[in-house]
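Okay, here's what each chain looks like letter by letter:
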Amino acid sequence: MKTLSEVASVIQVGTQRATLPNVDLLPETPGEKSEKRALVLAGTLDLMRRAGGVGVDSVKPLPTAPQEIGRVAQASEAPLSEALNKKMIHVVLEWAAKARQVRAVLPPALLTAILPLVKKHREELLPIIGERGHWLGQLQGLDLSPSDDEEFAAKRTEDPAAYREWLTTEFEAMDWKERLKAVKQLQIQLSIHDEPILEIALKDRRKEIREAALELLASQASFNVALELALLAAPILTWKKSFLSTSLIIEAPDRSELPKWLPKSPEVHGMGPKAMALIDVVSNVPPSIWVTNGSREKFFEHVGKSDYHRAMLEGLIVAAVRFKDQPWIDAMYELLVSRMDIYKYKGRDLAAHASPEVFERIALKGLRGEEYQSGLVVQMIIEAKRPLSFELSCTLIDTLKTNNHSHAILTFFALYMHVDAISRTEVPIEEHHAFEDTRLEVRNILSLRKRLLSSLDSLA
Amino acid sequence: MVRLTPEQVFALAPDASAVSAGRELANPAKWACIGESELAAWGEAKGSGKNPYQTAVDLREIAYKCSCPSRKLPCKHALGLLLRHAKSEIEPGTPPTWVQEWLDKRAERSEQKAEKVASTPAASPADAEKRTEKRWAKILAGIEECESFLEDAVSQGLYASQSARSWDQMAARMVDAQAPGIATRLKRIGNAIGVGDAWGPTVAGQLGNLTLLLEAAKRIETLPEGLKADVRTAVGISFRKEDLTGEPVEDVWDVLGSTIETEDRITTCRSWLQARSTGKWALHLAFSAAGQPFDFQPLIGTAFHAKAQYYPSAYPLRVNLTEIEPQPFQPRKGGLIADGLEFAADVWSQNPWAERVPIPITAGSFGRKESDWFVIDSSGRALPLMGEDPWYLVALFGNQPIEIVGEWNGSSLNVLCGSDDPWT
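Counting starts from 1 at the beginning of each chain's written sequence and moves along it residue by residue. Ligands are numbered from 1 and chains lettered from A, in the order in which they are written. Predicted model: local features are reported for residues with pLDDT of at least 70 only, side-chain atom pairs are reported and counted for 80 or more only, and whole-chain, interface and lining totals are derived from all residues.

Scanning chain A from terminus to terminus reveals 23 helices and four strands. Here the globule rule reads 2.2 Å times residues to the power 0.38, and the radius of gyration is calculated from C-alpha atoms. The C-alpha radius of gyration computed for chain A amounts to 33 Å, which surpasses the reference 23 Å derived for 460 residues by more than 25%, pointing to a less compact arrangement than a globule. Counting only C-alpha atoms, chain A reaches 130 × 70 × 50 Å along its principal axes. Counting other C-beta atoms within 10 Å of a residue's own tells you its class, since 20 or more makes it buried, 12 or fewer makes it exposed, and anything in between is partly exposed; those C-beta atoms are placed from the backbone. Looking at chain A residue by residue over its 460 residues, the buried ones come to 36%. A pair of residues counts as a contact when their C-beta atoms, built from backbone coordinates, are separated by no more than 7 Å. Here the analysis covers contacts within chain A between residues at least 6 apart in sequence; of these, 66% occur between residues at least 24 apart. Runs of E in the DSSP output that reach at least two residues are strands. Runs of H or I that reach at least four are helices, and both are numbered from the N terminus.

Here is the structure:
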């Protein structure tokens with residue numbers, strides 16, 4: 001209502017400075033103060049505005065949502081809402097992984113809570129938001145189109161040769177982040193035909209791209225780079241046999257002898273230039289080349305006697321994870337935990353990558369006090385952030401519940417424990433009242449996870 | 001007996017952790033000696049202590065009793081019990097002694113309260129009139145001061161008097177003058193000055209409305225009875241429910257909308273009810289201070305048979321409910337926005353100080369114009385929305401036409417409820 005706005009303008013600046021508009025609505029009373037008249041006018045006009053409201057007719061409704069193709073996991077709504085309210089994102093992602101497996105989609109009531117998380121957990125959440133989620137995201141102006149990674153991976157999977165050709169043509173024109181993502185996707189169906197473009201990438205001005213290319217070039221023995229690395233590695237170790245014993249001599253290379261394309265490893269405190277050069281080589285060749293016959297245990301024993309043992313182990317840890325060599329990952333994890341050296345080295349990654357059997361065996365032995373240091377084992381379980389078996393979950397509860405200093409950590413482990421371990425939390429422990437809050441919290445988390453996962457069972 | 005849905009039970013929880021704990025306690029393994037009757041549900045919940053906790057819920061007016069030490073209301077045990085009741089998992093039975101005693105005590109207290117009210121000797125009419133006159137004289141003195149304050153503000157211009165403090169001080173003065181309703185309006189105006197792009201017309205409207213109230217209060221003797229009551233209510237003189245004299249309206253009331261707001265440490269639950277046989281609207285207000293539970297909190301999607309006594313007004317809406325008996329929910333369909341606005345115009349033309357009016361809209365959807373949100377009916381008419389973006393409802397129903405109930409304040413609609421269940 002225009003007149004109310006005009007009266008409002010006068011009220012805002014004051015009747016000392018502005019004059020009221022001439023409004024026929026109310027007759028002027030002789031002697032009436034202009035302030036009073038302004039206020040009464042405002043009240044009357046406001047009442048007319050309210051009582052005479054007719055709404056507007058120029059607003060178009062938003063489009064309606066498309067038909068949902070996926071099966072909506074309606075039974076998950078209540079527990080998922082609880083997890084979101086408690087900000088238990090890990091639990092939500094665990095549900096999302098299972099929902100993806102059974103091709104279920106999120107109940108629409110939770111979309112407004114989930115969409116803000118998609119940016120950070122795109123890979124896990126995008127597949128489960130369904131048609132409704134994509135529609136809503138588009139209305140909210142969110143970018144839910146496939147990421148470069150997803151687009152490149154799809155292109156590469158569809159036709160590796162065409163992808164290679166496209167990458168070779170476009171490589172120079174791409175910005176460095178695109179180049180990096182595109183090069184990484186060459187890992188899909190990697191073949192000898194990819195060697196030329198990878199060698200171009202190996203000379204890129206960005207270190208990240210050179211490292212990505214080297215990782216792929218070093219991964220296939222038939223590539224020139226892998227052969228060259230093997231030649232560089234060959235003189236490093238010499239086995240010296242005498243009448244009574246065998247010893248291992250480690251000869252570190254000079255950095256100047258190494259090719260320029262071989263990236264320098266991050267500095268390790270206390271390592272000299274030769275030791276660092278040794279890490280550069282060892283971390284870029286498959287660990288299996290070092291032990292062709294004989295056992296890894298013997299090899300570690302001999303390495304341990306060398307002045308370069310630390311550099312050698314640092315390089316081997318990186319190489320084992322980089323080349324996904326499971327036996328080496330397991331062997332090194334066990335070695336470092338048994339020597340309580342895992343922190344001295346960059347060995348924490350090993351806990352996350354160790355095979356379930358080895359990880360569980362070491363954890364169980366440590367917790368039961370049979371072998372390994374239990375505190376170290378607990379720390380490794382924390383750092384691994386991986387699903388724990390029923391047996392390990394129960395052992396963790398049994399071990400920590402009576403420990404007044406450590407029982408609270410069980411609330412963290414509850415995110416990773418086997419959900420059936422809830423049976424171990426049923427009864428309060430009379431003599432450990434301090435554990436009661438932790439017990440209830442662990443129970444709540446396990447119960448929530450169990451309800452969430454089982455809510456998808458009917459769709460499986 | 002009211003049978004709440006699990007969602008309605010969760011809505012009663014004091015916080016999210018109580019919901020979680022209540023859900024945990026909905027496990028049958030946690031309960032012993034559990035049962036329910038028309039009046040109550042009860043059970044013994046296993047806890048960490050030696051003895052189980054005795055928990056009972058009065059199903060007539062949703063009240064709780066639990067022997068646990070929790071200060072939350074309802075506690076997790078009561079929520080767990082209500083959840084089991086909501087899922088129809090409890091077998092009927094006869095209340096044990098401790099439940100029956102509690103129910104008897106509640107009934108006794110309620111009777112005593114009614115008796116006390118009935119037996120309290122009414123103040124002699126002369127005394128009451130004297131007191132009212134004294135208070136009204138105080139209010140009129142306050143009104144005079146308030147008028148001068150408003151005129152000064154308008155004379156200097158609101159840009160010059162943007163300090164909320166001066167408005168708060170005037171509000172405090174009005175509390176002293178025993179006119180808390182005027183005080184609340186002054187505080188709202190003080191807080192609205194300079195806030196947002198379009199505060200000018202909003203504040204001018206509020207100032208004008210307050211001025212009309214002050215003017216009406218000065219001439220109260222000349223007003224008709226209903227409007228007189230509206231002025232007294234708007235000034236802040238509350239009407240005791242014991243003094244209600246109107247004929248109660250007996251009907252089944254469907255709860256179509258509810259909202260909880262806190263102002264000046266008082267939490268108010270506003271619930272809009274509709275009489276099933278006549279379609280007449282009623283507003284139920286419940287108050288609570290310091291986190292105490294409401295005496296009675298109608299939940300959206302429930303219904304009950306009750307006697308509703310309307311408070312006096314030129315357009316009566318507020319009611320006091322008695323003899324509440326739960327019934328299945330079965331509301332009638334809403335209408336077009338134009339129908340709702342016509343109803344609003346009717347209310348405001350008779351009671352200019354009514355703050356909000358319920359508007360039920362059938363086949364409503366949502367739309368946006370620049371950054372403003374609107375609800376649009378099937379005729380294409382739209383009303384602007386207040387408060388948060390309606391993304392939740394848009395996501396939930398995919399912007400398909402739904403039944404919407406909102407509160408209209410003349411400028412924007414506060415959506416209280418949306419449902420795709422075609423109301424019949």
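With that out of the way, let us pick up the sheet that holds strand 1 (residues 31-36) of chain B. Residues and elements named next belong to chain B. The antiparallel open sheet is built from four strands, whose spatial order is 1-2-3-4. Each of the sheet's edge strands pairs with one partner strand only, and the pair in question is strand 1 and strand 4 (63-66). If you compare each strand with its neighbour and ignore which way they point, the axes differ by 10° on average. Strands are labelled as partners when DSSP assigns at least two bridges between them. Sheet topology note: the strand 2 (residues 40-45)/strand 3 (residues 53-58) ladder contains six bridges and is antiparallel. Axis definition: a line fitted to C-alpha atoms, over the contacting stretch in the case of helices. Angles run 0 to 180 degrees between N-to-C directions.

Geometry of a packed helix pair, given as the angle between the helix axes and the separation of the axes. Where helix 2 (residues 34-51) of chain A meets helix 8 (residues 199-218) of chain B, the axes come as close as 7 Å, and the angle between the chain directions of the two elements is 105°. Judged by the angle between their axes, helix 2 of chain A and helix 8 of chain B are roughly perpendicular. Contacts from A:Leu39, A:Val40, A:Leu41, A:Ala42, A:Gly43, A:Thr44, A:Leu45 and A:Asp46 of helix 2 of chain A reach helix 8 of chain B at B:Ala204, B:Gly205, B:Leu207, B:Gly208, B:Asn209, B:Thr211 and B:Leu212. Gly is put with the polar residues, along with every residue not named as nonpolar or charged; the nonpolar set is Ala, Val, Leu, Ile, Met, Phe, Trp, Tyr, Cys and Pro, and the charged set is Asp, Glu, Lys and Arg. When the residues that make up the contact of helix 2 of chain A with helix 8 of chain B are grouped by side-chain class, the tally is eight nonpolar, six polar and one charged. Here roughly perpendicular refers to angles of 65 to 115 degrees, roughly parallel to angles under 35, roughly antiparallel to angles over 145, and oblique to all remaining angles.

Residues and elements named next belong to chain B. Across the six residues of strand 2, five count as buried, placing the element largely inside the fold. Sheet topology places strand 1 next to strand 2; four bridges connect them, and they run antiparallel. Among the inter-strand pairings, Gly35 is bridged to a residue of strand 2, identified as Trp42. Turn length for the strand 1-strand 2 hairpin, with the two strands adjacent in sequence and antiparallel, is three residues.

The parts lose accessible area when they come together, and the size of an interface is often stated as this lost area. Of the residues lining the interface, 55 residues belong to chain A; the matching set on chain B comes to 50 residues. Of all elements in the fold, only helix 1 (2-13), helix 2, helix 3 (77-85), helix 5 (111-118), helix 7 (130-139) and helix 23 (435-454) of chain A reach the threshold of two or more residues within the side of chain A that touches chain B. Broken down by element, the side of chain A that touches chain B gets its largest block of residues, 15 residues, from helix 2 of chain A. When the residues that make up the side of chain A that touches chain B are grouped by side-chain class, the tally is 25 nonpolar, 16 polar and 14 charged.

What follows concerns the domain arrangement of chain B. Residue and element names in this part refer to chain B. Each assigned domain of chain B is listed here: domain 1 (6-117), domain 2 (125-235), domain 3 (245-327) and domain 4 (337-419). The leading source of residues in the side of domain 3 that touches domain 4 is strand 5 (residues 249-263), at four residues. Its residues placed into classes, the side of domain 3 that touches domain 4 shows seven nonpolar, four polar and no charged. Domain extents, as shown, originate in an automatic or database domain assignment.

Moving on to the pairing of strand 4 (residues 246-250) of chain A. All names here are of chain A. Taking burial as the measure, the five residues of strand 4 include zero buried ones, a minor fraction of the element. Pairing analysis gives five bridges linking strand 3 (residues 237-241) to strand 4, with the strands arranged antiparallel. Bridge pairing in strand 4 places Lys241 opposite Thr246. The antiparallel pairing of strand 3 with strand 4 creates a hairpin that spans four residues between the two strands.

Attention shifts here to the domain arrangement of chain A. Splitting chain A by domain gives domain 1 (2-51), domain 2 (71-79 + 87-139), domain 3 (148-220) and domain 4 (387-460). The centre of domain 3 of chain A, based on its C-alpha atoms, is set 45 Å off from the matching centre of domain 4 of chain A.

With that out of the way, let us pick up helix 2 (residues 16-24) of chain B. Listing the buried residues of helix 2 of chain B in full gives B:Ala18, B:Val19, B:Ser20, B:Ala21, B:Gly22 and B:Arg23. Structurally, helix 2 of chain B contributes buried residues whose contacts are with helix 3 and helix 23 of chain A together with helix 1 (6-12) and helix 3 (76-86) of chain B.

We now examine the confidence of the model for chain B. Mean pLDDT for chain B: 88, with 96% of residues reaching 70 or above. This prediction of the complex comes with two scores: 0.76 for pTM and 0.77 for ipTM. The predictor reports its confidence for every residue as pLDDT, a score running from 0 up to 100.

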